[in-house]
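Descriptive analysis of the structure
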Amino acid sequence: MLLSEALPARTDETNVFRLAYVSRARRALTRPEAEALAVASAGQNRERGVSGVLLHGHGLFLQWLEGPAAEVCDLMARIERDPRHEEVAVLCAGWIGQRRFSDWSMRVIGPTGSDGAAILVPLAGGDRGRTRAAQAARAFDAAARLYLADGLGGPIWEDLAADLVQPLAKGGEAALAPLPEVLLTSPRARAAFTDALCRMLAQGWTEDRFTGLDVALASVRLNRLLLRAGRSCEPIQSRGAVVLLVPENATEIIGAMVKADLLRASGYSVKFLPAAQTRTLAPVLDATEGCPVMVYGGRLGIDAGDARRARALGAWLAGERPGRTVLTCGRATGALSEWPDRLEFLTQARAPFAGRGVDWSAVAALAAARPGARMH
Ligand SMILES: Cc1cc2nc3c(=O)[nH]c(=O)nc-3n(C[C@H](O)[C@H](O)[C@H](O)COP(=O)(O)O)c2cc1C
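Residues numbered from 1 in each chain as written. Predicted model: local features only at pLDDT ≥ 70, side-chain atom pairs only at ≥ 80, totals over all residues. Heavy atoms only, no water.

This paragraph deals with the packing of aromatic side chains. Per the stated rule, a full pass over the model turns up seven aromatic pairs. Measuring from ring centre to ring centre gives 6.1 Å for Trp-64 and Phe-345, while their planes differ by 10°; the resulting arrangement is stacked. On the criterion of sequence distance, the pair formed by Trp-64 in strand 3 (residues 60–67) and Phe-345 in helix 12 (residues 339–348) is long-range, its members being 281 residues apart. Note on accessibility: Trp-64 and Phe-345 belong to one class, buried. Each residue in the set Trp-64, Phe-101, Trp-104, Phe-140, Tyr-147 and Phe-345 is aromatic and connected to the rest through ring pairs, giving one cluster. Over the face of the ring belonging to Trp-64 we find Arg-18, whose NZ or CZ atom lies 4.8 Å from the ring centre. A cation sits over an aromatic face here: Arg-100 above Trp-64, 5.1 Å from the ring centre. (Phe/Tyr/Trp six-rings, centres within 6.5 Å; stacked < 30°, edge-to-face > 60°. Helix = DSSP H or I, 4+ residues; strand = E, 2+ residues; numbered from the N terminus. Buried < 20%, exposed > 50% of the residue type's maximum accessible area, 1.4 Å probe, protein only. Lys NZ or Arg CZ within 6 Å of the ring centre and 35° of its normal.)

Right, dumping it as structure tokens:
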């Protein structure tokens, strides 16, 4: 299979409406019950053009629905009345640039993946809305990774990174074949590949196969190759603005550069600030009032100082600008390629609201009347 064939199919669909909620199961579903729900839901959703994923476990349901606004809202009105669950809280509802689970009419997934890794953790309850939204975002990221692995027939980015890590770290550019086409055309593929490569470089460093200099040179070489390959040609949709800060003295910024590229190609306007210092940040923060701020904490993770500096800058920002959305990011916060969806989810999901009693037909009418509007 050619790598370019492995890319998820592009659709020309615009105005996809996405709704995510969490609810409490009245009782745990047995496996046959979960399978019956999956089959019935997938059948109905396919007819209505709805796709998504339903995670269940720890007494919870966490569902992502995407499709035409009227269909999603109509479905939500039925789901929230379903006696199998209660305390339905909508995490976010709004327009997204493209579907995230287009080939899944409704995949039902338990709390752990087939490799035993946790997908759904018990979510924070009560008024800890932000924590809950972040945990939900992580669970949807994990589901999206399963979706990509499903659709792409295996971990192709890992294979590609395994081929390139040695020449990048040791051999110099002369030893490198041109990058495969898919890395030149898809920022999401670049991000997934960069993630895999950073993991392998860090592992090689831990096992003494690569020196610190090898690792640094590898990221410089990769950056040069990506720059030479040019910018992406993905469609631009306006999804908002974001500030991306790299703390001063960071030892590695390749992930931040790839992330800025990916976010821009996904329709975000990105104010990118390498070597950010607290004493010169005020004018930037004033000029970008209202935009979320992301603080980069390193992808390689071989210098604990990167994550520490990001946490310190994040804490300073939270104290200095209370109310501003500040997201510290790095290796521990999930896949690089998932950040556009994750950012959109986190910025929309600030105040979960009770699903019960919502007039979903009114929401559908509002959504249809104002495509592009954000709902909180
Ligand atoms: C957690 C949960 C998720 C559900 N997800 C879907 C879904 O994605 N699609 C669907 O058609 N029904 C879904 N259902 C079932 C609906 O609530 C409802 O039973 C079904 O759509 C039949 O509705 P009706 O009896 O009004 O025709 C879900 C139920 C639960 C408890």
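Turning our attention to the environment of Pro-122. In this fold, Pro-122 is placed in the loop between strand 5 (107–109) and helix 4 (129–152). A sequence separation of 14 residues divides Pro-122 from Ala-136, and the C-alpha atoms of the two residues are 9.7 Å apart. Those residues in contact with Pro-122 that sit more than four places away from it in its chain are His-58, Leu-60 and Gln-135. (Contact = heavy atoms within 4.5 Å.)

With that settled, the discussion passes to the site of the ligand. Taken together, 16 residues are adjacent to the ligand, and Ser-41, Asn-45, Gln-63, Arg-78 and Asp-82 come closest. Separating a nitrogen atom of the ligand from a side-chain N or O atom of Gln-63 is a distance of 3.1 Å. Measuring from an oxygen atom of the ligand, one finds a side-chain N or O atom of Asp-82 at 2.6 Å. When isolated, the ligand has an accessible area of 620 Å², and the protein chains bury 76% of it. Per-element accounting of the shell around the ligand gives the leading share, four residues, to helix 2 (residues 31–48). A class-by-class count of the residues in the shell around the ligand yields eight nonpolar, five polar and three charged. (Near = heavy atom within 4 Å. Polar contact = N/O pair within 3.5 Å; in protein donor to acceptor, adjacent residues only side chain to side chain. Areas by Shrake-Rupley, 256 points an atom, 1.4 Å probe, with all protein chains shown as cover. Nonpolar A, V, L, I, M, F, W, Y, C, P; charged D, E, K, R; others polar.)

Worth remembering: the numbers are spatial, not functional.
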